[in-house]
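Topology and contacts: notes
Given next are the chains, with one letter for each unit.
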Amino acid sequence: MQEKTIQIITEDYDRVKAYAETFGVTMPTIGKDGSIDGLPVPYPREAYGVLRSGYRIYELAQQAEKTGMPVQNPILGRNTAEETYKESLEMYNMAEKLGIQLFHFVHSEATRHIDPLNGRELIEQSRGKGGITPIGERKLVELGGGSIHPMRINATGDTPHLSIINALLAGFDGTDIGPVIHVHYGGRGIHDYKTKVINGFRALEICGEHNMFVQIDSHKHLNNIGGTDGMALAMCLLAEGLGILAGLPAELSAVQMNVTGLNLLADLATMKAFKETMWSKSLIAVPETFQNPPGDLVAESAHFARMAISAKLGGANFYRPKAAESVGIPTGASMAKAIWGTHNVFENTVKVDIRDPYIEERKNEILSEAMAVLEGVLGVNRTLAPDEIKESFWRKYDKDELIDKIVRAGKAGIMDCPRAGGWDLKRYVKTHRDKDGIKRYVPGFTPLNLAAERFAVTSEPVVVPEDKKPTRKQKMVLATVGADAHVMGINMIREAFEAAGYEVIYLRGMNLPETVAEVAAEAKAEIIGVANLLGLGRELFPRVKNRLTELGMSDKVVLIAGGRIAEKEEEHAHFEEKISKEGPAFLGVEAFFGPGTDPDKCVEWTTKALERKGL
């Protein structure tokens, strides 16, 4: 029954052992006779008095279908099991008062994105940030997590198959492998794109053999890095194809998508396009957050309420309530309030079938884009019809053949989005969010090698900056440090400095602080910009300065930083106040630019700093 999992553990045993050593947990071992010890039996399986199985979650999805009210899927995970459970009780108590059951998404620490065999140093310097640890998963179940409200854990990045083995050992009912195809489209980790997709497939095989519920892929994450609805749908359908070949039942598969709340009809059209084509039995709707949250968080709460309406009217099985706050991990109290508010919206929104012709028109645009991408990825020399994309369609492919086609398409610019994170992916497309809230392609910048007429393009005036040579003599090295895969903000900073005439050497995500300093010294750069959104700046930013000092470069560089000062809502204000009173010297930098900073202000400050230092 566990042949695929046993083969995966055997083939990748060095990484299994590295995971155990790096995270301090017991993992399955290979005995002298080649047998696997320590691998639990598939679900359903009892863990701490509760019969666990991915089908517990599917039952909630079916409940949503019957009642017309999405089941709430709140996200909450802290650095320790004890803290996570304490905060979670705030949510659970609210659910009890409301008489509802939750599907708890437990957020794992950021180090899970990194291969424990090849990236141990990155893991070590980022420990205990971004969510619960592997040890914490096991303790959380022991404390009572998932006893009433089933849980899933995210396992994206380089080696999701290892994280899923840990979740299985812990007793989690489900996992978030997704995004399988795009993994923030190639970001999140240190491996090349093909290795990520192969390991994603291994993770799907383990889930299929053990009856774990899976969020298989995500429209949300591609949307966040500038992709369109049609491109995201195509990627999700490809992930489903891999899921089918991996032996995952449709009942245990879910697709995640953004609802924006900006245009109700567009949200309904996107949900309809997904529901009409997806093989997965569950749709998880997630609210799109403000990229620059308003100072008054009441406004943000209203924004999330609009999206809850879209989720209900569109027929989502699950909906993630969002706590109104501008920093990372929410408190249990703030998430409990979000659960209450979302339930209030669900109860008091009449379920009506809106039949505006705009919905059908927009749905067809999305489907046209998705089919065009699938044709390009798969090498199909005819127009595909959406109703063809069924289980039998994917059964025609061999798993290695489908993986190769996906990887080639990513490297050829067929699958593409403006802010893809993968270093080995082709990037060409440009998109624009129109006034109606929809992202469309800029004319002339639709996906490469595909018919442009199959894609919706903006009719609004968009000025595409010409590629131009730097006009200033100073160079900048820009990078995230630590196990941080967030690239939205740093991309905005890069674009602003390039527009101002600076040459920018962009190292993308997940760098050692010392490496950034060494690259700057080698390139003779006058500016270094580093970022971390996990609240690790106090530990990592001074290491950049220390290495610059060792290289005799500290007086020859302007060192700036950005990101979050603290990952937790309740700690953030303290450090903001400290910076306002004392300056950012305790971070080892000359200036700190947090969330919501106007990139042009960052450029303006840095330009003046260069002048002051005579650089």
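About the thresholds
Residues numbered from 1 in each chain as written. Predicted model: local features only at pLDDT ≥ 70, side-chain atom pairs only at ≥ 80, totals over all residues. Heavy atoms only, no water. Helix = DSSP H or I, 4+ residues; strand = E, 2+ residues; numbered from the N terminus. Areas by Shrake-Rupley, 256 points an atom, 1.4 Å probe, with all protein chains shown as cover. Lys, Arg positive; Asp, Glu negative; His and termini not counted. Charge placed at Lys NZ, Arg CZ, Asp CG, Glu CD. Salt bridge = Lys/Arg side-chain N within 4 Å of Asp/Glu carboxyl O. Buried < 20%, exposed > 50% of the residue type's maximum accessible area, 1.4 Å probe, protein only. Axes fitted to C-alpha atoms, helices over the stretch in contact; angles between N-to-C directions. Left-handed = near helix turned anticlockwise from the far one by under 90°. Contact = heavy atoms within 4.5 Å. Nonpolar A, V, L, I, M, F, W, Y, C, P; charged D, E, K, R; others polar. Pairing = 2+ DSSP bridges. Core = buried A, V, L, I, M, F, W, Y, C linked by side-chain atoms within 4.5 Å. Right-handed = clockwise from strand over helix to strand, strands pointing away. Polar contact = N/O pair within 3.5 Å; in protein donor to acceptor, adjacent residues only side chain to side chain. 1 Å grid on protein atoms, 1.4 Å probe; cavity = no way out; pocket = protein on both sides within 12 Å on 5 of 7 lines; lining within 4 Å. Points joined across faces, edges and corners; volume = space filled by probe spheres on them. Phe/Tyr/Trp six-rings, centres within 6.5 Å; stacked < 30°, edge-to-face > 60°. Lys NZ or Arg CZ within 6 Å of the ring centre and 35° of its normal. Expected span 1.5 Å × (residues − 1).

Attention now moves to the overall build of the protein chain. For the protein chain, the helix and strand inventory stands at 22 helices and 19 strands. Taking the principal axes of its C-alpha atoms as reference, the protein chain extends roughly 70 × 60 × 50 Å. Accessible area of the protein chain: about 23,600 Å², with a carbon and sulfur share of 50%. Taking the average place of the 73 positive charges on the side chains of the protein chain and the average place of its 83 negative ones, the gap between the two points comes to 2 Å.

Under the counting rule described, the total for this entry stands at 37 salt bridges. The closest approach of N and O atoms between Asp229 and Arg362, which form a salt bridge, is 3.0 Å. Of the two residues, Asp229 is situated in helix 11 (residues 229-246) and Arg362 in helix 15 (residues 357-378); the sequence distance between them amounts to 133 residues. Summarising the burial analysis for this pair, Asp229 and Arg362 share the class buried. Taking the shortest distance from any N to any O, the salt bridge between Lys613 and Glu590 comes out at 3.2 Å. Of the two residues, Lys613 sits in helix 22 (residues 599-613) while Glu590 sits in the loop between helix 21 (569-582) and strand 19 (591-593), which places them 23 residues apart along the sequence. Salt bridges linked by common partners bring Glu11, Asp12, Arg15, Asp115 and Arg202 together as one network.

To describe two helices that pack against each other, one gives the angle between their axes and the distance between the axes. Packing of helix 9 (residues 193-210) against helix 17 (residues 399-412) leaves a shortest axis separation of 10 Å and a crossing angle of 140 degrees. Crossing angle aside, the handedness with which helix 9 passes helix 17 is right-handed. Judged by residue contacts, Tyr193, Lys194, Val197, Ile198, Phe201 and Glu205 of helix 9 engage Lys399, Ile403, Asp404, Ile406, Val407 and Gly410 from helix 17. In terms of residue class, the contact of helix 9 with helix 17 is built from seven nonpolar, one polar and four charged.

For the rest of this paragraph, the subject is the sheet that holds strand 8 (residues 174-176). What the eight strands build is an open sheet, ordered 5-12-11-10-9-8-7-6; its pairing is parallel. Whereas interior strands pair on both sides, the edge strands pair on one side only; in this sheet they are strand 5 (71-72) and strand 6 (104-106). In the sheet, strand 5 pairs with strand 12 (residues 318-319) via two bridges, with the strands oriented parallel. Its bridge partner being in strand 12, Val71 is matched across the sheet by Phe318.

Moving on, we get to the nonpolar core. Counting 137 residues, the largest nonpolar core has Tyr185, Leu238, Leu242, Trp394 and Met415 as its most contacted members. By residue number, the principal contributor to this core is helix 11, which donates 13 residues. Ignoring sequence-local partners within four residues, the contact set of Met415 consists of Ile181, Tyr185, Tyr193, Met231, Met235, Leu238, Val373, Val377, Ile406, Ala409 and Gly410. Ranked by size, the runner-up nonpolar core spans 27 residues in total, among them Ala110, Leu548, Met553 and Ile565.

To continue, consider the environment of Ala302. Tracing the backbone shows Ala302 in helix 13 (residues 297-314). With 92 residues separating them in the primary sequence, Ala302 and Trp394 have C-alpha atoms 42 Å apart.

The subject of this paragraph is the pairing of strand 11 (residues 282-287). Of all six residues in strand 11, six are buried, a share of seventy percent or more. Strand direction decides the pairing type here: strand 10 (residues 253-259) and strand 11, joined by six bridges, are parallel. Each residue of the ladder has a partner; that of Gln256, found in strand 11, is Ile284. This β-α-β element, strand 10 to helix 12 (residues 264-277) to strand 11, shows right-handed connectivity. The pairing of strand 11 with strand 12 spans two bridges and is classified as parallel.

A few words on the side chain of Glu87. Turning to its location among the elements, Glu87 is positioned in helix 4 (residues 81-98). Of the side chains with opposite charge, Arg78 comes closest to the buried, unpaired Glu87, at an N-O distance of 4.3 Å. Here Gly332 takes part through its backbone nitrogen, which lies 2.5 Å from a polar atom of the side chain of Glu87. Setting aside residues no more than four positions away along its own chain, Glu87 makes contact with Leu76, Arg78, Thr331, Gly332 and Ala333.

Moving on, we get to the layout of surface pockets. Roughly 1,600 Å³ of internal volume is contained in the second largest pocket. What lines the second largest pocket is a set of 41 residues, and nearest its centre among them are Arg419, Lys430, Pro465, Arg494 and Glu495. The set of elements that each furnish at least two residues to the lining of the second largest pocket consists of helix 10 (219-224), strand 13 (431-433) and helix 18 (488-499). The leading source of residues in the lining of the second largest pocket is helix 18, at seven residues. A class-by-class count of the residues in the lining of the second largest pocket yields 16 nonpolar, 10 polar and 15 charged.

Spatially, the five strands line up as an open sheet ordered 16-15-17-18-19, and their pairing is parallel. Single-partner strands in this sheet number two, and they are strand 16 (503-506) and strand 19. Between one strand and the next, the sheet's axes are offset by a mean angle of 20 degrees, whatever the strand orientation. With three bridges joining them, strand 18 (residues 558-563) and strand 19 adopt parallel strand pairing. Across the sheet, the residue bridging to Gly562 is Phe593, located in strand 19.

On to empty space enclosed by the protein. Regions of empty space are outlined by a rolling probe, equal in size to a water molecule, passed over the atoms. Applying the stated criterion to the full structure yields two cavities of 30 Å³ or more. In this structure, the largest cavity occupies an estimated 120 Å³ of space. In this structure, the largest cavity is lined by His219, Asn223, Asp229, Asn258, Thr260, Ala266, Asp267, Thr270, Arg433, Gly437, Ile438 and Lys439. Breaking the lining of the largest cavity down by element, the ones donating at least two residues are helix 10 and helix 12. Here the lining of the largest cavity gets three residues from one element, more than from any other, and that element is helix 12. Tallied by class, residues from the lining of the largest cavity come to two nonpolar, six polar and four charged.

So, about the packing of aromatic side chains. The full count for this structure, using the stated rule, is 13 aromatic pairs. Centre to centre, the rings of Phe575 and Phe586 are 6.3 Å apart; their planes meet at 20 degrees, and the pair counts as stacked. Here Phe586 lies in the loop between helix 21 and strand 19 and Phe575 lies in helix 21, a separation of 11 residues in the sequence. Residue Phe575 is classed as buried on the basis of its relative accessible area, which comes to 10%. Among the aromatic residues, ring-to-ring pairing joins Phe103, Phe213 and Phe318 into one connected group. Over the face of the ring belonging to Phe586 we find Lys578, whose NZ or CZ atom lies 4.9 Å from the ring centre. Positioned above the aromatic ring of Trp605 is the side chain of Arg612, whose terminal nitrogen or guanidinium carbon lies 5.5 Å from the ring centre.

It is worth spelling out helix 9 at this point. Taking 1.5 Å per residue as the helical rise, helix 9 with its 18 residues ought to reach 26 Å, and the 26 Å between its terminal C-alpha atoms agrees with that figure. Helix 9 sits mainly inside the fold: 15 of its 18 residues count as buried. Capping the start of helix 9 is the job of one residue whose side-chain oxygen sits 3.3 Å from the backbone nitrogen of Lys194: Asp192. Within two residues after helix 9, Asn211 carries a phi angle of roughly 60 degrees, on the positive side.

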